[in-house]
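# Architecture at a glance
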Number of protein chains: 2
Amino acid sequence: MAHPYSERLQKLMKSFTKFPGIGPKSAERIVLHLLKQDRAQVEELARLISESKANTFFCERCNNLSEKKMCHICDDSNRDHTILCIVEEPKDVASLERTGSFNGVYHVLLGALSPLEGIGPRELRLERLVKRIGAGQIKEVILATNPNAEGDATAMYLAELLKPFGRIKVTRIARGVPIGSNIEYIDQATLQRALEGRTAV
Amino acid sequence: MAHPYSERLQKLMKSFTKFPGIGPKSAERIVLHLLKQDRAQVEELARLISESKANTFFCERCNNLSEKKMCHICDDSNRDHTILCIVEEPKDVASLERTGSFNGVYHVLLGALSPLEGIGPRELRLERLVKRIGAGQIKEVILATNPNAEGDATAMYLAELLKPFGRIKVTRIARGVPIGSNIEYIDQATLQRALEGRTAV
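A few words on the interface of chain B and chain A. Across the contact, 55 residues belong to chain B and 55 residues belong to chain A. The contact between chain B and chain A buries some 5,600 Å² in all, and 65% of this surface belongs to carbon and sulfur atoms. Counting the surface chain B buries against chain A, the share from its top three residues, B:R8, B:R29 and B:K53, is 13%. Linking chain B to chain A there are 10 salt bridges. A salt bridge links A:E51 to B:R8, with the shortest nitrogen-to-oxygen separation between them at 3.1 Å. At the boundary of chain B and chain A, one finds 18 residue pairs in polar contact (both at pLDDT 80 or more). Considered class by class, the residues forming the side of chain B that touches chain A number 24 nonpolar, 12 polar and 19 charged.

Structure below.
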């Protein structure tokens, strides 16, 4: 039996199965849905994908996603640049921003400490973070890594690392967040509570 | 609060939510996953999407997806061109082909009769189908529309339509398939049984 789809379509379906949460059946539905859209829409999607990749960088200060050298948060003089919130991923910045209850700035680690995966302080470029904090403007650091094993270990490590900066208050988001979960999935109210209830480390 | 993602990324996320089964959260994950891939991979995906759309047409004989004027099934002289299987969508052809137990040819309606959605015999271009069947080569027609209200109505309508062709055997796939479901989700064994157990209408 010949495969029911052309090699090109098979390849496209396979590309989609590489995405999180998309299996072969979903990929098939996505591709067939694409083919039902009109040509202009499909071209627009292809262009958007290509341009998004070409124009999105990591902010040179905080590692957040940005179309400029510096992201719109770091570049915003209305934000409180004395409070730094440390998160694992850009999507965590998005989640915290959606609560509307944080007006400080961020640092995105782009990961968490994980000896099993070979991710140590060097991979997270923590020396760069320490340099940023050592520059003197920051008065409080909020550790908002995920409330799971890697995120907790990362928070503990960072708390130790920041001890020499005695004048800086180091806090961890409150344990209102369910243990073992991921920040991106937590509802806004819980996240807001976790920000408000932060405790000294 | 400014939106946490650039306008371009928001637009891309929104494009993905138009796909079946993809909500805002999945779209966010897909886009962030895209940005983590290397530039070449992303360009390849964009190119594949664009080329797939540009090079995929409906077979001029059966409406199946094809990169040529005629699909590889219609163009295959090893297939039995006297048995015609009528399905709703190209993905149904794919499902039936995967069973490996059908060696005839197909006709894809690209829909089913649905008065509520304004889809009647004209929208399904049934006159074209009748013309194809009237050409004389076909000896048996298998009605493999979905075993739900629209699919059953479509099968009944087609059976009536084909009555004048008394010499043609018209069958419906066996009711081994669960009522109310969609053909694309049925396991191969059940589909195979349904093909084998087809009954005269």
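This part covers the domain arrangement of chain A. Looking at chain A, the domain boundaries give domain 1 (7-55) and domain 2 (78-200). Computed from C-alpha coordinates alone, the two centres of domain 1 of chain A and domain 2 of chain A are separated by 34 Å.

Below, the discussion takes up helix α1 (residues 7-17) of chain A. Within the span of α1(A), buried status applies to A:L9, A:L12, A:M13, A:S15 and A:F16. All buried residues of α1(A) lie within an arc of 155° about the axis, which places them on one face of the element. The exposed residues of α1(A) that point more than 90 degrees off its buried face are A:E7 and A:K14. Looking at the packing, one finds that the buried side of α1(A) touches α2 (24-36) of chain A together with α1 (7-17), α3 (39-55) and β2 (65-66) of chain B.

When chain B is fitted to chain A, the best match, at an RMSD of 0.1 Å, comes from turning it 179° and sliding it 0.0 Å along the axis. Here the copies are linked by what is in effect a two-fold axis. Relative to the rotation axis, the closest C-alpha in chain B is found at B:A46, a distance of 2.2 Å. Comparing contact sets, 100% of the residues at the interface of chain B also lie at the interface in chain A, consistent with an isologous, same-surface contact.

This brings us to the environment of B:D76. Within the element layout of this structure, B:D76 appears in the loop between β2 and β3 (83-87). Taking C-alpha positions, B:D76 is 9.2 Å from B:V105, a pair spaced 29 residues apart along the chain.

Attention shifts here to the environment of B:E67. Assignment of secondary structure puts B:E67 in the loop between β2 and β3. A sequence separation of 134 residues divides B:E67 from B:V201, and the C-alpha atoms of the two residues are 35 Å apart. With sequence-adjacent residues up to four places away left out, B:E67 is seen in contact with A:S6, A:R8, B:N55, B:T56 and B:F57. One polar contact links B:E67 to A:R8, side chain to side chain, over a distance of 3.0 Å.

With that settled, consider the pattern of salt bridges. This model, assessed by the stated rule, comprises 24 salt bridges over all chains. For A:E43, the salt bridge identified is with A:R39, shortest N-O distance 3.8 Å. Here A:E43 pairs with A:R39, and both are found in helix α3 (residues 39-55), just four residues apart, close to one helical turn. Judged by relative accessible area, which is 30%, A:E43 ranks as partly exposed. Each of A:R8, A:K11, B:E44, B:R47, B:E51 and B:E67 takes part in one network of salt bridges that share partners.

Once that is clear, we can look at the environment of A:I30. Tracing the chain through its elements places A:I30 in helix α2. A C-alpha to C-alpha distance of 42 Å links A:I30 and A:S77, two positions 47 residues apart in sequence. Setting aside anything within four residues of it in sequence, one finds A:I30 in contact with A:F16, A:I22, B:F19 and B:I22.

Here we come to the layout of surface pockets. Estimated volume of the largest pocket: approximately 650 Å³. What lines the largest pocket is a set of 29 residues, and nearest its centre among them are A:E88, A:E89, A:K91, A:G111 and B:K36. Put simply, the parts of the chain that give the lining of the largest pocket at least two residues each are β1 (57-58) and α4 (90-99) of chain A together with α2 (24-36) of chain B. Per element, the largest residue contribution to the lining of the largest pocket is five residues, and it comes from α2(B). For the lining of the largest pocket, the residue count by class is 12 nonpolar, seven polar and 10 charged.

This part takes up the pairing of strand β4 (residues 105-108) of chain B. Residues and elements named next belong to chain B. Here β4 shows no split at all, with V105 and H107 on one side and Y106 and V108 on the other all buried. Relative to β4, β3 runs parallel, the two being bridged by four bridges. Within the sheet, the bridge partner assigned to L84 lies in β4 and is V105. For the handedness criterion, the β-α-β arrangement of β3, helix α4 (residues 90-99) and β4 is classed as right-handed.

So, how was this worked out
- Residues numbered from 1 in each chain as written.
- Chains lettered and ligands numbered in written order.
- Predicted model: local features only at pLDDT ≥ 70, side-chain atom pairs only at ≥ 80, totals over all residues.
- Heavy atoms only, no water.
- Contact = heavy atoms within 4.5 Å.
- Buried area = accessible area lost by both parts, 1.4 Å probe.
- Salt bridge = Lys/Arg side-chain N within 4 Å of Asp/Glu carboxyl O.
- Polar contact = N/O pair within 3.5 Å; in protein donor to acceptor, adjacent residues only side chain to side chain.
- Nonpolar A, V, L, I, M, F, W, Y, C, P; charged D, E, K, R; others polar.
- Domains from an automatic or database assignment.
- Buried < 20%, exposed > 50% of the residue type's maximum accessible area, 1.4 Å probe, protein only.
- Helix = DSSP H or I, 4+ residues; strand = E, 2+ residues; numbered from the N terminus.
- Arc of directions from axis to C-beta.
- Least-squares fit on C-alpha atoms with pLDDT ≥ 70 in both.
- 1 Å grid on protein atoms, 1.4 Å probe; cavity = no way out; pocket = protein on both sides within 12 Å on 5 of 7 lines; lining within 4 Å.
- Points joined across faces, edges and corners; volume = space filled by probe spheres on them.
- Pairing = 2+ DSSP bridges.
- Right-handed = clockwise from strand over helix to strand, strands pointing away.

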